[in-house]
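So you can see what is in the structure, the chains are spelled out below.
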Amino acid sequence: MRMLRRLLLRLGQAIPVILVVAVLAFFLMHLLPGDPAAVIAGPEAGAEAVERIRRQLGLDRSIPEQLLVWLWHLAQGDFGTSIIHNQSVLQALADRMPVTASLTLVAFAMTIPIGIVLGVAAAKFRNTWVDSAVMLMALIGVSVPGFWIAILSVILFSVTLGWLPASGYVPLSEGVWPWLRALIQPAAMLALFQIGFLARMARSATLDVLDQDYIRTARAKGVSEWRTIAKHAFRNTLIPVVTTTGIILSLLMGGSVVIEQVFAMPGVGRLIVQAILTRDYPMVQGTLLALAFLFVAINLMVDIVYTWVDPRVRYD
Amino acid sequence: MTEAPAEFLAPRRRFQVLRRLARHRSFRIGFVIVVLLTLAAIFAPLITSFDPTAMRARIRFRPPQEAYWFGTDNFGRDVFTRCLYGARLSLTIGLGVALLSGVVGTAAGIVSAQFRRLDAMIMRLMDGLMAFPAIILAIGLAAAMGPNIGSLIVALSVAYIPRTARIVRASALVVRELEFVDAARVSGASSLRIIWKHLLPNCMGPLLVQLTFVFAYAILAEAALSFLGIGPPPPAPSWGNIIAEGRDQAVDAWWIMFFPGLAISLATLGMNLLGDGLRDVLDPRLKVET
Amino acid sequence: MTTPLLAVRDLTVQFRTDAGWLTAVENVGFELGAQETLGIVGESGSGKSVTALSLLGLHAASTTRLPTGSIDYAGQNLLKLPERAMRRIRGGEIAMIFQDPMSSLNPVLTVADQISETVMLHQGLDRAAARKRAVGLLDMVRIADAAHRVDAYPHQLSGGMRQRVMIAIAIACRPKLLIADEPTTALDVTIQAQILDLLRELQAELGMSVILISHDLGVIAEFARRVMVMYAGRVVEAAPSRALFRQPMHPYTSGLLAAIPPLDHDVTRLSTIAGSIPDPARRIPGCRFSPRCAEVEAACRETAPDLVTVGAGHLARCPPRLHRMAAP
Ligand SMILES: Nc1ncnc2c1ncn2[C@@H]1O[C@H](COP(=O)(O)OP(=O)(O)OP(=O)(O)O)[C@@H](O)[C@H]1O
Ligand SMILES: [Mg+2]
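Residues numbered from 1 in each chain as written. Chains lettered and ligands numbered in written order. Predicted model: local features only at pLDDT ≥ 70, side-chain atom pairs only at ≥ 80, totals over all residues. Heavy atoms only, no water.

Turning to the overall build of chain A, a few remarks are in order. Within chain A, the secondary structure is distributed over 13 helices and zero strands. Along chain A, helices (α) and strands (β) appear in the sequence α-α-α-α-α-α-α-α-α-α-α-α-α when read from the amino end. Taken along its principal axes, the extent of the C-alpha atoms in chain A is 80 × 55 × 35 Å. A burial count over chain A gives 52% of its 316 residues as buried. (Helix = DSSP H or I, 4+ residues; strand = E, 2+ residues; numbered from the N terminus. Buried < 20%, exposed > 50% of the residue type's maximum accessible area, 1.4 Å probe, protein only.)

Here it is, written out as structure tokens:
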């Protein structure tokens with residue numbers, strides 16, 4: 001019951017955020033220097049074409065009016081329409097999302113166990129070579145530009161060794177293995193930074209937990225060192241870690257924009273980049289907004305997982 | 001208790017902090033890396049005699065050798081020289097983002113903490129900004145404002161302001177509740193004075209740590225945006241756009257994209273080490289923040 | 001007394017700190033027979049907990065120099081015991097409860113989980129039997145409605161109840177020795193008395209030996225037959241409690257006695273000994289108590305006094321006092 005109430009509370013808190021996000025996305029278009037219609041139409045366009053775009057986007061109305069129209073359309077699930085392909089933003093997203101979602105989720109599935117295991121191991125073997133090695137790797141992970149290491153990786157594993165495809169995406173419908181084979185390299189490159197990030201964070205969380213009195217209690221009960229970590233420390237370590245999974249997913253999704261570019265994967269990231277390069281601003285605006293909504297939803301889910309991990313939240 | 005706790009700006013403590021930093025291993029390594037890179041950027045014209053943008057058709061695609069340490073690119077430009085000059089742009093962007101997001105984030109955080117009526121509004125705005133993945137928000141903003149350094153700095157700053165504001169607000173809220181601040185308020189100190197004397201000094205530690213990391217993220221993000229074609233436009237070199245330009249030759253002339261990437265990694269590593277050191281010394285409780 | 005259950009000799013424990021090796025406990029020794037009770041008293045930082053944790057080998061290996069001396073328990077030296085064997089002793093033969101019941105229980109595990117773990121581990125009970133045992137143990141430590149409370153998480157219990165749960169965990173395997181490290185310091189006075197009564201009853205019921213650690217000589221006096229007073233990592237006086245009360249042979253003990261709060265007051269601070277316990281990193285020449293001692297003599301600051309027998313079962317580390325007593 002409490003959990004339900006908490007969930008409703010969180011939903012209530014998410015509503016103003018959603019509104020703010022919608023308004024922010026609206027003003028994105030008005031950041032364009034000068035006349036947005038002219039910018040969108042491009043330098044070669046004639047006055048007539050500019051006028052047409054102005055009318056098409058409703059830019060001939062006053063700003064408050066435009067904002068209301070924008071919100072009204074959103075409320076009906078209309079995120080706008082591309083001015084290049086005459087395709088709705090949601091349709092374009094639906095076409096591209098499977099690619100980005102696959103990439104992000106596979107990277108996430110790599111990040112979480114590897115990051116946590118490395119972090120916990122570093123904490124367990126604090127001040128030994130294990131700790132130093134893990135922390136050095138983690139530091140390199142958060143310092144190296146992902147797309148750069150991805151290009152190097154392609155040169156090594158795809159071009160030179162020929163083990164993995166250098167680019168492209170294979171839908172899941174063509175089989176799990178082809179799908180995974182195409183995703184392994186990009187997902188690993190995408191996960192690199194997050195693994196470093198999570199390992200650092202899990203290490204400090206575990207060190208905090210290992211310092212707690214209840215760990216000493218467990219040892220005083222005669223619980224083995226391994227079990228102390230696995231049973232008594234781990235669940236407590238997870239509590240701060242779970243709160244960062246939302247950030248991690250968000251960072252992964254952000255990073256996928258760049259990784260999709262390296263591996264020529266037709267995902268949401270490429271959609272955004274192409275839209276920017278073709279000055280298809282309604283598309284940019286709509287996709288950004290949709291992604292932000294997605295994250296509000298993800299953070300809600302993280303919150304549910306959190307209540308499940310921490311009994312103190314679950315009950316009061 | 002009427003005395004302020006050990007504040008970051010108090011001379012005695014400042015000295016102690018400096019001494020502990022000087023003894024911190026990763027801080028020292030990071031400090032040396034960052035100083036060396038900064039010097040290299042400033043004195044680029046003294047270190048190399050080449051012009052970073054002049055094209056020379058006869059020496060295209062030279063691999064690394066004695067005359068061209070990092071080789072030459074498809075226009076015959078010296079990659080080492082371009083990396084040196086690129087450091088100027090990349091470090092400027094990093095510094096600019098750290099400063100701008102620092103100033104605005106601090107202002108937002110302090111105002112939130114001190115004037116509770118504005119708190120909810122400012123924080124919802126920050127939540128809204130944070131709902132966008134940082135790099136995607138920066139891409140959208142940079143694209144909207146046009147490809148130049150200024151808009152890139154603004155775009156990346158906006159992306160990192162919310163986190164900075166949250167950290168500042170949290171530290172300011174802690175002091176706000178302390179007795180000596182209450183005492184100051186009761187004895188009629190103005191809001192401005194409370195902010196200046198009590199809230200700001202207490203935020204300095206966590207803020208500095210956060211900004212060091214922001215600097216590192218900004219360097220990485222600049223590179224990513226340049227790679228996507230939304231960064232500072234060529235021919236003026238930035239680490240990011242050298243990689244972007246060298247990408248097509250990555251297989252045959254790996255050195256064009258390899259060395260600037262190394263430079264980015266080194267700069268980011270330096271800032272991260274610096275940040276780790278600052279965090280250990282200034283604010284041991286702070287967790288890694290993005 | 002025949003062979004004691006526990007005999008500690010010359011126990012010395014050192015920790016690595018930023019400022020070098022720190023000696024937290026030096027040459028501590030005592031004996032404890034079956035079903036006996038020993039009180040250890042001293043101000044904060046005097047080394048009581050370090051001594052207690054040494055008995056279970058619970059110091060972090062990475063920052064602790066291997067403790068020297070010996071801890072003889074049931075014919076074996078615990079300091080030399082391999083880790084596996086030591087684990088069987090922990091919680092099985094020697095159990096411990098800690099000062100702060102708020103933080104000593106794992107917040108993400110239920111009371112049932114935390115109690116059953118011990119019996120499953122040491123007595124090989126299965127989950128269902130262990131749970132039944134857990135309920136029985138909660139009854140034993142007088143927690144009402146044990147069948148329901150067993151499924152609670154620690155944050156749902158009051159401080160006093162959590163300490164009862166800690167006690168239930170400790171006695172779960174009927175240990176021969178129970179170490180209670182300031183079990184009541186974090187609780188308010190009325191609860192303190194209840195917990196001490198409970199410990200006393202359980203001791204009688206289960207026939208355990210108990211080491212009770214406290215700041216408060218008053219608590220110790222009520223509870224223990226024999227008292228050991230520690231100061232700055234050393235034993236300064238050890239005696240049967242009656243003798244200690246009748247005739248303290250160390251000025252520090254006198255100070256602690258004077259600081260016992262009157263029965264109807266909740267005073268926890270020691271108010272009569274001026275100054276505070278020295279930083280263990282600082283070496284004090286001669287007697288370590290001399291900087292705070294009202295009866296200090298020149299010799300005290302030069303030579304460190306030995307612990308000498310001053311009466312039947314009564315040891316103390318203060319030659320001037322002994323001389324004054326001897327020469328009327
Ligand atoms: N793991 C450790 N590392 C370094 N120093 C330690 C460690 N454990 C204890 N000490 C130091 O040893 C000294 C004795 O500590 P101990 O915990 O035994 O005191 P105590 O008598 O139990 O005090 P309290 O009444 O506060 O519990 C203290 O100065 C303490 O700082
Ligand atoms: Mg203690």
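Once the structure has been displayed, the description carries forward.
A word on the interface of chain C and chain A. Tallying the contact residues gives 26 residues for chain C and 23 residues for chain A. Between chain C and chain A, roughly 2,200 Å² of surface is buried when both sides are summed, and carbon and sulfur atoms account for 59% of that area. At the junction of chain C and chain A, the tally comes to three salt bridges. Among the salt bridges present, the one from Glu117(C) reaches Arg227(A), with a minimum N-O distance of 3.2 Å. Here chain C and chain A share 11 residue pairs in polar contact (both at pLDDT 80 or more) between them. Elements with a contribution of two residues or more to the side of chain C that touches chain A: helix H3 (101-104), helix H4 (111-123) and helix H7 (159-171) of chain C. When residues in the side of chain C that touches chain A are grouped by element, the largest group, six residues, is from H4(C). (Contact = heavy atoms within 4.5 Å. Buried area = accessible area lost by both parts, 1.4 Å probe. Salt bridge = Lys/Arg side-chain N within 4 Å of Asp/Glu carboxyl O. Polar contact = N/O pair within 3.5 Å; in protein donor to acceptor, adjacent residues only side chain to side chain.)

To continue, consider the sheet that holds strand S5 (residues 76-77) of chain C. What the four strands build is an open sheet, ordered S2-S1-S4-S5 (chain C); its pairing is antiparallel. The sheet is open, and its two edges are formed by strand S2 (20-32) and S5 of chain C, each paired on a single side. (Pairing = 2+ DSSP bridges.)

All names here are of chain C. Ligand 1 sits among 14 residues. The nearest are Ser44, Gly45, Ser49, Val50 and Glu182. Here an oxygen atom of ligand 1 sits 2.6 Å away from a polar atom, N or O, in the side chain of Ser49. Protein coverage of the free-state accessible area of ligand 1, which is 630 Å², stands at 68%. Here the shell around ligand 1 takes three residues from helix H1 (residues 48-55), the largest share from any one element. Class assignment for the residues of the shell around ligand 1 results in four nonpolar, seven polar and three charged. (Near = heavy atom within 4 Å. Areas by Shrake-Rupley, 256 points an atom, 1.4 Å probe, with all protein chains shown as cover. Nonpolar A, V, L, I, M, F, W, Y, C, P; charged D, E, K, R; others polar.)

Here we come to the packing of aromatic side chains. By convention here, two paired aromatic rings are described through the distance between centres and the angle between planes. Applying the stated criterion across every chain, the model contains 12 aromatic pairs over all chains. Judged by centre distance (5.9 Å) and plane angle (40°), the ring pair of Phe157(A) and Trp163(A) falls under tilted. In this structure Trp163(A) comes out as exposed when scored by relative accessible area, which is 52%. The interplanar angle of 20° and the centroid separation of 5.9 Å between the aromatic rings of Phe27(B) and Phe31(B) together place this pair among those described as stacked. (Phe/Tyr/Trp six-rings, centres within 6.5 Å; stacked < 30°, edge-to-face > 60°.)

The subject of this paragraph is the side chain of Thr64(C). Relative to the helices and strands, Thr64(C) is located in strand S4 (residues 64-73). In this structure the side chain of Thr64(C) is engaged in a polar contact, spanning 2.5 Å, whose partner is the backbone oxygen of Ala60(C).

Bringing a nonpolar patch on the surface into the picture now. Residue and element names in this part refer to chain B. A cluster of nonpolar residues, Phe31, Val32, Val35, Leu36, Leu39, Ile42, Phe43, Leu46 and Ile47, forms a patch on the protein surface that exposes about 850 Å² of accessible area. Where the nonpolar patch is concerned, the elements lending two or more residues are helix H2 (25-42) and helix H3 (44-47). With six residues, the top contributor of residues to the nonpolar patch is H2. Looking at the element boundaries, Phe43 is found in the loop between H2 and H3. (Patch = residues over 30% accessible without salt bridge, like charges linked within 9 Å, V, L, I, M, F, W, Y side chains within 5 Å.)

Our next topic: the nonpolar core. Among the nonpolar cores identified, the biggest contains 168 residues, and Phe147(A), Ile139(B) and Trp239(B) are the most heavily contacted of them. Top element by residues in this core is helix H9 (residues 191-227) of chain B. It accounts for 20 residues. When residues of this core are sorted by domain, at least three fall in each of domain 1 (2-75) and domain 2 (92-315) of chain A. With 101 residues, the next largest nonpolar core counts Val28(C), Phe98(C), Leu187(C) and Met208(C) among its residues. (Core = buried A, V, L, I, M, F, W, Y, C linked by side-chain atoms within 4.5 Å. Domains from an automatic or database assignment.)

In this section: the confidence of the model for chain C. Overall, the prediction assigns chain C a mean pLDDT of 87, with 95% of residues at 70 or greater. On the interface metric, ipTM, the complex scores 0.86, and its pTM is 0.84. (pLDDT = per-residue confidence, 0-100.)

It is common to give the size of an interface as the accessible area that goes away when the parts come together. Contacts between chain A and chain B engage 48 residues on the former and 44 residues on the latter. Carbon and sulfur atoms make up 80% of the surface buried where chain A meets chain B, a total of about 4,000 Å² over both sides. Across the chain A-chain B interface, the total number found is one salt bridge. Of the charged contacts, one joins Asp276(B) and Arg200(A) as a salt bridge, the two residues approaching to 2.8 Å between their closest N and O atoms. Linking chain A with chain B are seven residue pairs in polar contact (both at pLDDT 80 or more). Listing elements by their share of the side of chain A that touches chain B, those giving two or more residues are helix H1 (2-29), helix H7 (146-160), helix H8 (176-210), helix H10 (225-262), helix H11 (268-277) and helix H12 (281-309) of chain A. For the side of chain A that touches chain B, the leading source of residues is H10(A), giving 10 residues.

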